[in-house]
Structure formats: C-alpha cells, structure tokens
Amino acid sequence: MIPKSAIRNIISNIFAYFRNSVCFGHRSLIYHSIGSNVLGDPTGLNSLSRESFVEHIQFLKDFKIVNSCSSNLNYNELNISITFDDGYSDNLVYVAPILVEHEIPFTVFITTDYIENEKNCMSKHQLIELSKLNGVTIGSHTKSHPHLTKMNHNDLELELAYSKHFIEDLIGTKVFSIAYPYGDVNQRVATEVERLGYQYGFCSHFDTNTSNRSKFFLNRCFIHKNDGRKILKQKILGDWDWYKYRKTDPYLT
C-alpha cells in the first residue's frame, strides 16, 4: 500500500507541473515546535528539526514576509506570514534569534494552561521576554486547547476571554488575534470571538487569504516535519491548495 504522505506528494507534484502562476494573496504558515516534542503529537509530525527550520528560513527570507495581522496588504502579490502554535520554549530560545536577526516578523499563539505547566512550553518570564522582541506578536490559542465548536456558551466564553486577559495582564500588551485549536471554528464561535474584542481569527483551512476573506476565518497552511525545501516551495506557491477540498471551509459552517 502506498503511504498517504507519498500520495499527497504525488498529487502536489502534478499540480506543480500544470501550475501556470503563483497563488497571490496572504499565505500564513503554521509551525509548532522546532526541535522539541509537541503535546499530543506522538509521531512528531508537527516538530521540525532545527536544521530543517534554518533551511526554511533561508528559502523564505527572499519572499515578502508580513505580520500575520497586517491590514494594508497588497493582495495582488504574494505575502507570507509565519505563525507558531501552543507556546513552546524553543520559540524563544531557538526560533526568535534567527527570525529577529533576519528582521522577519512572526506571531506566537499561546495556550495559556500550557505556560509553566507542560514540558517544553514557556514559563511566564520567557513569554514576557519573547513579547518584548522586535517583530513578535503574541496571540491567544485559548485556555486549554479544546474543540471550540463543541463547547456550550459559558465554557466557550471562558476559553476565549481567560486566555486573552491572562496574556494581556502578563505582557502588558493588548491581544487582538486568536488561532483556533485544531482549526475548529464556526459562525457561532467567530461571533463570540469578535464580541470579546479580538480582531483576527485564524483557522487551518489550507489556502491563501484574499481581500474578501473574513478576518475571523483567516486561512493558514500547516508545515510538517518532513517538509523539505521542495515541499515548502510547493506549499508557498499553491501546489498544495487542493488540500482545502478535504474538509468544508469553516466559514461556510
């Protein structure tokens, strides 16, 4: 039997062969940990090696890299943003020095229950230190990393509001963005997100963002451990955008 990863690569290679142009817009990339174990990920799918990450940045630095929450983008060109989910300590210790050196902005979405409570995750002092670096934006990844669409109203409000206020009180800066755990969002969740004062919400629907995309259903594209330079290039240029058809766009739910 052909492995699923091999099938995905074959499909993307076919799309790359027939692609006539780059998919413009805002393409946001999802990273998690660089060189550490990711919670709930026993296969290590979401943990990139340090060597692979350096290779990625060497490739990405030649593109236009923007803040994930930029509001004045030219959607007739390719804009790339870099995001990290959960709040792993390597985001400060290893990632930040590389990206700050290259003046590359990036966003870290924090699951607040993980801070000081989970292995490989940041402490409060580390999060404060990270937030003070040039080009760094801190966002929320909820309180406990649940499936938000399955929660009742009170629990949903707690997840969204607690994490926002926890981060704001800790770093002394307003939090305007959230990444939905598992990309799990619908209109009910997005409405609550907006009511609580967020301005941007990110899911994991694999696609670029155009000017008419709702700012509470912003697409992001996953990056996995075996994504070398070739696959990264394909994902950046649009050869993996067929992946969005595997699941319904959450904006339509």
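Keep in mind that what you see is a predicted model, and the values were worked out from it rather than measured.

1. Here's the deal with the environment of Ser-177
Relative to the assigned elements, Ser-177 resides in strand 7 (residues 177–179). Each C-alpha atom, one on Ser-177 and one on Leu-48, is 24 Å from the other, the two residues being 129 residues apart in sequence. Setting aside residues up to four positions removed in sequence, Ser-177 forms contacts with Cys-69, Phe-109, Gly-139, Ser-140, Tyr-198, Tyr-200 and Phe-202.

2. Some remarks on the packing of helix 3 (residues 90–101) against helix 4 (residues 124–131)
Two elements in contact, helix 3 and helix 4, have axes whose closest approach is 9 Å; the angle formed by their N-to-C orientations is 25°. The orientation of helix 3 relative to helix 4 falls into the category roughly parallel. When you trace helix 3 past helix 4, the crossing you get is left-handed. Of helix 4, the residues touching helix 3 (which contributes Asn-91, Leu-92, Val-93 and Ala-96) are Gln-126, Glu-129 and Leu-130.

3. Comments concerning the side chain of Asp-41
Within the secondary structure layout, Asp-41 lies in the loop between strand 2 (33–34) and strand 3 (47–48). Notably, Asp-41 is buried but unbridged: the nearest opposite-charge side chain belongs to Lys-225, and the N-O separation is 7.4 Å. Discounting chain neighbours no more than four positions away, the residues touching Asp-41 are Asn-46 and Ser-47.

4. Quick notes on the pairing of strand 6 (residues 136–140)
For strand 6, the tally of buried residues reaches 4 of 5 residues, placing the bulk of the element in the interior. Where strand 5 (residues 106–110) meets strand 6, 5 bridges bridge the pair, whose relative direction is parallel. By the bridge assignment, Phe-106 is partnered in strand 6 with Val-136. For the segment spanning strand 5, helix 4 and strand 6, crossover handedness is right-handed.

5. Describing the layout of surface pockets
Reported here for the largest pocket is a volume of approximately 1,100 Å³. Contributing to the lining of the largest pocket are 38 residues, with Tyr-182, Gly-183, Ser-204, Phe-222 and Lys-247 lying nearest its centre. At the level of secondary structure, the elements contributing two or more residues to the lining of the largest pocket comprise helix 1 (4–18) and strand 4 (78–86). Looking at which element gives the most residues to the lining of the largest pocket, the answer is helix 1, with 3 residues.

What counts and what doesn't
- Starting from 1, residues in each chain are numbered consecutively following that chain's sequence as written.
- pLDDT decides what is reported in this predicted model: residues at 70 or higher carry local features, side-chain atom pairs at 80 or more are listed and counted, and totals for whole chains, interfaces and linings draw on all residues regardless.
- With hydrogens and water excluded, all non-hydrogen atoms of the structure serve as input to the side-chain values.
- Per the convention used, a helix needs a DSSP run of H or I reaching at least four residues, while a strand needs a run of E reaching at least two, with both numbered from the N terminus.
- When checking whether two residues touch, look at their non-hydrogen atoms; a contact exists if any pair is within 4.5 Å.
- The angle between two axes is taken between their N-to-C directions and runs from 0 to 180 degrees, where each axis is a line fitted to C-alpha atoms and a helix contributes only its stretch in contact.
- For classification purposes, an angle smaller than 35 degrees is called roughly parallel, one larger than 145 roughly antiparallel, one from 65 to 115 roughly perpendicular, and anything else oblique.
- In a left-handed crossing the near helix is turned counterclockwise from the far helix by less than a right angle, and in a right-handed crossing that turn is clockwise.
- Burial classes follow relative accessibility: with a 1.4 Å probe on protein chains only, a residue under 20% of its type's maximum area counts as buried, one over 50% as exposed, and anything between as partly exposed.
- Neither His nor the chain ends contribute to the count of charged residues, in which Lys and Arg are positive and Asp and Glu negative.
- Any Lys or Arg side-chain nitrogen found within 4 Å of a carboxyl oxygen on Asp or Glu counts as a salt bridge.
- DSSP bridges decide pairing: two strands pair if at least two such bridges lie between them.
- Every crossover in which the path from the first strand over the helix to the second runs clockwise, viewed with the strands pointing away from the viewer, is termed right-handed.
- Using a 1 Å grid laid over the protein atoms alone, points where a 1.4 Å probe fits but cannot get out form a cavity; open sets with protein on both sides within 12 Å along at least 5 of 7 lines form a pocket; any residue with an atom within 4 Å of a point counts as lining.
- Grid points are joined across faces, edges and corners, and a volume is the space filled by probe spheres set on the points.

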